[in-house]
Amino acid sequence: MKLGNFVAGRWQEGNGQGRALRSAVDGQPVATIDSSGVDFAEVIAHARSVGGPNLSRLTFHERGDRLKALAQFLLQHKKEFYELSTRTGATRADSWIDIDGGISTLFVFSSKGRREMPNDVVYLDGPPEALSKNGSFVGQHVYTSRPGAAIHINAFNFPCWGMLEKLAPTLLAGVPAIVKPASSTAYLTELMVRRIIESGILPPGALQLICGGVGDLFEHLTCQDSIAFTGSKTTAEMLQAHPRVVSESVPFTAETDSLNASILGPDAVPGTPEFDLFVKEVTREMTSKAGQKCTAIRRIIAPSSVSADLVRALSDALGNIRIGDPASKDVDMGPLASHEQQREVRARVAELAQEAEIVYGGLDDFDLLDADPKLGSFFMPTLLHCEKPLRESAVHSTEAFGPVSTILTYDTLDEAVELARLGEGSLAGSIITNDDTVARELVLGTAAYHGRMLILNRHCAAESTGHGSPLPHLVHGGPGRAGGGEEMGGVRGVLHYMQRTALQGTPETLTNIGHRWIRGSEQKDPGVHPFRKTFEQLELGDTFVSESRTVTLDDIEHFANFTGDHFYAHMVEEDARRNPFFEGRVAHGYLIVSFAAGLFVDPDFGPVLANYGVDDLRFLQPLNAGDSLTVRLACKQKTLRGDTGYGEVRWDAEVTNQDDEIVAQYDVLTMVATNEHWNSVRNETT
Ligand code: NAP
């Protein structure tokens with residue numbers, strides 16, 4: 001089977017012989033790969049002129065809806081992905097990480113897009129910045145989609161997840177993707193892309209696929225395109241130095257090698273739950289995906305006092321791992337992805353063995369289940385041990401991308417920190433301890449060298465997602481050797497594909513651009529109380545100014561008795577005066593908010609369905625008995641919630657006293673019915 005390239009809206013096979021891709025299990029040909037004949041200028045032009053405009057017409061919420069629909073669609077096709085996945089050497093558990101893990105990333109980004117981003121195409125970064133005395137000139141950071149293409153170059157180890165974890169934030173950002181999977185496992189990516197295209201869920205041009213070399217693609221890039229690379233440090237450095245990438249300042253994110261460390265705390269001696277957890281975690285990280293995980297534990301940092309016990313326990317655990325045909329239910333670990341990879345890992349282990357002793361594994365001849373060692377690229381889990389490694393030791397710089405890890409020992413926490421830092425930047429690190437003082441010291445010493453850290457103990461073990469699992473909610477990437485990049489991390493990952501711009505102008509102009517009302521913009525008289533208006537009828541800036549109400553000492557005492565809040569500052573004049581903030585008894589902050597609601601709420605049945613919270617509440621000025629308060633409520637932001645029949649309306653609330661001083665500021669969050677919903681409810685009622 002010849003893999004297809006999906007370019008400019010059509011499937012196109014390469015016009016050369018192509019390269020044969022073989023099963024990791026038995027060496028049988030699976031497909032050939034070839035991209036010769038692809039017109040890369042056309043590919044990039046299609047992304048820019050078709051994919052980009054199609055995506056940018058959709059709001060973040062609409063893009064999120066597509067991601068959800070796509071995830072649901074892919075779930076229906078899981079079976080064929082799992083079947084093909086075994087050829088890559090993946091066991092069912094490995095495929096679950098790759099396939100289900102990838103699909104769940106689509107779900108998470110869909111949800112993040114719909115919940116944490118506006119139903120719009122502009123994303124506001126933070127609040128407005130006051131830049132002038134009279135408020136006529138303000139600043140606002142905004143993110144807009146780059147009108148280019150995102151080039152995704154992926155590693156061989158996760159042909160599905162690797163594509164989807166980049167694709168989800170890219171599409172949410174409104175940017176079309178050109179995906180280039182690693183050749184050796186590209187057949188699985190290609191199958192998934194075929195299904196995605198067949199689904200018709202993504203707009204035309206949103207996704208293109210290159211199976212094979214990328215030809216002169218880089219020659220066509222501009223500053224509006226971007227490259228997200230996963231693979232080896234050597235390739236990343238080579239691509240990042242491409243003259244076009246340099247001259248056009250093409251944004252380049254790299255996720256590369258990592259000598260991730262896991263540190264066993266001094267408290268976690270044999271017999272503690274943490275010691276057992278450590279053994280389990282290291283064994284799982286060494287053997288899941290046959291150790292071909294960029295986040296796998298390569299360096300096991302443990303107190304020298306327990307190293308003999310640890311060698312014994314890990315050797316026992318690794319001895320229980322059944323290696324063989326990943327399609328077999330009895331098998332825990334499959335082969336490496338290719339013979340090339342097998343040769344590569346063998347060579348790296350030989351390098352490591354110059355400086356560390358092999359204490360388990362390292363054999364060419366070992367038991368296999370249902371598999372032929374000559375045909376498949378199997379590798380025995382191999383554990384090395386190095387007492388007090390030197391700073392320049394290979395154990396800190398040689399990555400054997402397979403089921404290989406080295407125990408390094410320490411006597412003091414400072415030594416443990418130094419060993420972890422010698423990895424010179426990692427994607428993931430972990431600390432296994434039940435002593436939070438140790439955890440803090442190790443985190444402060446090593447966090448700057450890591451993109452993500454797991455602190456594991458008996459209390460979170462049952463629910464922990466583990467050392468090696470990147471999560472769509474959390475950032476993935478790390479400094480130094482790990483490439484210096486960052487992906488995912490929820491909305492952060494989306495923003496990597498967008499451009500942040502600082503806008504300066506009048507509050508009115510910036511309100512109209514960002515669709516969030518800024519103080520100082522026009523306050524419109526809606527003619528009726530704004531609670532009488534439906535979602536569509538409401539306009540940003542629609543304002544209601546309340547009557548004023550005087551707060552009495554009786555009110556304060558009544559509120560205290562009613563709520564049970566008898567805090568001295570509200571109840572005891574003398575004590576209140578001793579407090580540096582007050583000149584006497586003051587009203588409760590929550591009394592102010594409650595009275596404000598009483599002043600601005602329009603009580604009759606209407607389109608406002610519910611109040612679901614307040615944001616950014618600040619009490620800025622104490623309110624004493626005898627003071628009066630007034631509220632100004634302005635419609636600040638509207639977010640339609642799909643076809644639910646309602647939308648969120650955020651109101652800017654400002655409470656002032658009789659001297660026009662601001663007493664409190666906050667956002668009131670409400671759900672407001674759409675015209676259609678409101679009309680149907682009203683008709684039912686009448
Ligand atoms: P690699 O050789 O660097 O390849 C990575 C990707 O780059 C593949 O898609 C490869 O395509 C492509 N590539 C190579 N040369 C290229 C060129 N001249 N132009 C454009 N693309 C090019 O890495 P690998 O051996 O596949 O992967 C193993 C490495 O990846 C390990 O070191 C591992 O640590 C790292 N990795 C890191 C992460 C992470 O998230 N940080 C995840 C997984 C793996 P071809 O396959 O077609 O050559």
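Enquirer: Requested: an account of the overall build of the protein, with residues and values cited.
Expert: Of the regular secondary structure elements, the protein holds 20 helices and 26 strands. Dimensions of the protein, computed from C-alpha atoms along their principal axes, come out at roughly 90 × 60 × 50 Å. When each of the 686 residues of the protein is scored for burial, the buried share is 56%. Residue pairs at least 24 apart in sequence account for 74% of intrachain contacts in the protein once pairs closer than 6 positions are excluded. Counting only carbon and sulfur atoms, one obtains 50% of the accessible surface of the protein, whose full area is about 28900 Å². Side chains of the protein carry 62 positive and 90 negative charges; the gap between the two charge centres is 4 Å.

Enquirer: Account for the environment of L383, with residues named and values stated.
Expert: Turning to its location among the elements, L383 is positioned in strand 15 (residues 382–386). Given a relative accessible area of 0%, L383 falls into the buried group. Separated by 191 residues in the primary sequence, L383 and E574 have C-alpha atoms spaced 71 Å apart. Beyond its immediate stretch of four places on either side in the chain, L383 contacts M286, I300, V311, L314, S315, L318, E357, I358, V359, Y360, S405 and I407.

Enquirer: Go over the site of the ligand, please, and point to the residues and values.
Expert: Residues in contact with the ligand amount to 25 residues; listed here are only the nearest, N154, S183, S232, T235 and E399. Note that an oxygen atom of the ligand is positioned 2.9 Å from one of the side-chain N or O atoms of K180. Within the side chain of T235, an N or O atom sits 2.6 Å from an oxygen atom of the ligand. With the chains in place, 80% of the 900 Å² that the ligand exposes on its own is no longer accessible. Listed by contribution, the elements that provide at least two residues to the shell around the ligand are strand 10 (226–230) and helix 7 (233–240). Per-element accounting of the shell around the ligand gives the leading share, three residues, to helix 7.

Enquirer: Outline the environment of L352, supporting the account with residue identities and numerical values.
Expert: Following the sequence through the fold, L352 ends up in helix 11 (residues 339–352). Between the C-alpha atoms of L352 and K68, which are 284 residues apart in sequence, the distance is 45 Å. When neighbours within four sequence positions are excluded, L352 is seen to be in contact with L384, A394, V395, T398, A400, V404 and T406.

Enquirer: For the sheet that holds strand 21 (residues 498–505), give the residues involved together with the corresponding values.
Expert: If you walk across this open sheet you meet the three strands as 5-6-21, and the pairing is antiparallel. The sheet terminates laterally at strand 5 (123–130) and strand 21, the two strands that pair on one side only. In this sheet, neighbouring strand axes are inclined to one another by 20° on average, regardless of whether the strands run parallel or antiparallel. Across eight bridges, the pairing between strand 6 (residues 138–145) and strand 21 is antiparallel. Pairing of S145 across the sheet is with M498, part of strand 21.

Enquirer: For the packing of helix 4 (residues 92–116) against helix 5 (residues 161–172), give the residues involved together with the corresponding values.
Expert: Between helix 4 and helix 5, the least distance of the axes is 8 Å, while the angle of their chain directions is 10°. By the angle class used here, helix 4 and helix 5 are roughly parallel. In this structure, helix 4 crosses over helix 5, and the sense of that crossing is right-handed. Taking contact as the criterion, the partners of I97, D98, G101, G102, I103, T105, L106, F109 and G113 in helix 4 are, on helix 5, W161, G162, L164, E165, A168, P169 and L172. Classifying every residue of the contact of helix 4 with helix 5 by side-chain character gives nine nonpolar, five polar and two charged.

Enquirer: Summarise a nonpolar patch on the surface; cite the residues concerned and give the values.
Expert: On the surface, a cluster of nonpolar side chains totalling about 250 Å² of accessible area is made up of F567, Y568 and V572. Tracing the chain through its elements places Y568 in helix 17 (residues 568–571).

Enquirer: Describe in detail the domain arrangement of the protein, supporting the description with residues and values.
Expert: When cut into domains, the protein gives domain 1 (4–121 + 146–253), domain 2 (261–462) and domain 3 (523–685). Its C-alpha centre places domain 1 at a distance of 48 Å from the equivalent point of domain 3. Taken together, the contact between domain 1 and domain 3 spans five residues of the former and four residues of the latter. With both chains or domains summed, domain 1 and domain 3 bury close to 310 Å², and 39% of this area falls on carbon and sulfur atoms. Considering only the side of domain 1, the residues that lose the most area to domain 3 are H61, P118 and N119, jointly responsible for 74% of the buried surface there. Linking domain 1 with domain 3 are zero salt bridges. Inspection of the domain 1/domain 3 interface yields two residue pairs in polar contact (both at pLDDT 80 or more). Residue classes in the side of domain 1 that touches domain 3 are distributed as one nonpolar, two polar and two charged.

Enquirer: Give a description of the packing of helix 3 (residues 78–85) against helix 6 (residues 186–199) that names residues and reports values.
Expert: Two numbers describe how helix 3 lies on helix 6: the axes approach to 9 Å, and their chain directions differ by 165°. In this view, helix 3 runs roughly antiparallel relative to helix 6, as classed from their interaxial angle. Crossing hand, helix 3 versus helix 6: right-handed. Of the residues in helix 6, those touching helix 3 at E80, F81, L84 and S85 are Y187, L188, L191, M192 and R195. Across the contact of helix 3 with helix 6, the residue classes tally to six nonpolar, one polar and two charged.

Enquirer: Describe helix 11, naming the residues involved and giving the relevant values.
Expert: In a regular helix each residue adds 1.5 Å, so 14 residues correspond to 20 Å; helix 11 covers 20 Å between its end C-alpha atoms and thus fits that length. Those residues of helix 11 that sit buried are Q341, Q342, V345, V349 and L352. Seen end-on, helix 11 carries its buried residues on one side only, within an arc spanning 100°. Facing away from the buried side of helix 11 by over 90 degrees, the exposed positions are E340 and R343. Buried residues in helix 11 make contact with strand 14 (357–360), strand 15 and strand 16 (404–410).

Rules behind the numbers
- Residues numbered from 1 in each chain as written.
- Predicted model: local features only at pLDDT ≥ 70, side-chain atom pairs only at ≥ 80, totals over all residues.
- Heavy atoms only, no water.
- Helix = DSSP H or I, 4+ residues; strand = E, 2+ residues; numbered from the N terminus.
- Buried < 20%, exposed > 50% of the residue type's maximum accessible area, 1.4 Å probe, protein only.
- Contact = heavy atoms within 4.5 Å.
- Areas by Shrake-Rupley, 256 points an atom, 1.4 Å probe, with all protein chains shown as cover.
- Lys, Arg positive; Asp, Glu negative; His and termini not counted.
- Charge placed at Lys NZ, Arg CZ, Asp CG, Glu CD.
- Near = heavy atom within 4 Å.
- Polar contact = N/O pair within 3.5 Å; in protein donor to acceptor, adjacent residues only side chain to side chain.
- Pairing = 2+ DSSP bridges.
- Axes fitted to C-alpha atoms, helices over the stretch in contact; angles between N-to-C directions.
- Parallel < 35°, antiparallel > 145°, perpendicular 65-115°, else oblique.
- Left-handed = near helix turned anticlockwise from the far one by under 90°.
- Nonpolar A, V, L, I, M, F, W, Y, C, P; charged D, E, K, R; others polar.
- Patch = residues over 30% accessible without salt bridge, like charges linked within 9 Å, V, L, I, M, F, W, Y side chains within 5 Å.
- Salt bridge = Lys/Arg side-chain N within 4 Å of Asp/Glu carboxyl O.
- Domains from an automatic or database assignment.
- Buried area = accessible area lost by both parts, 1.4 Å probe.
- Expected span 1.5 Å × (residues − 1).
- Arc of directions from axis to C-beta.

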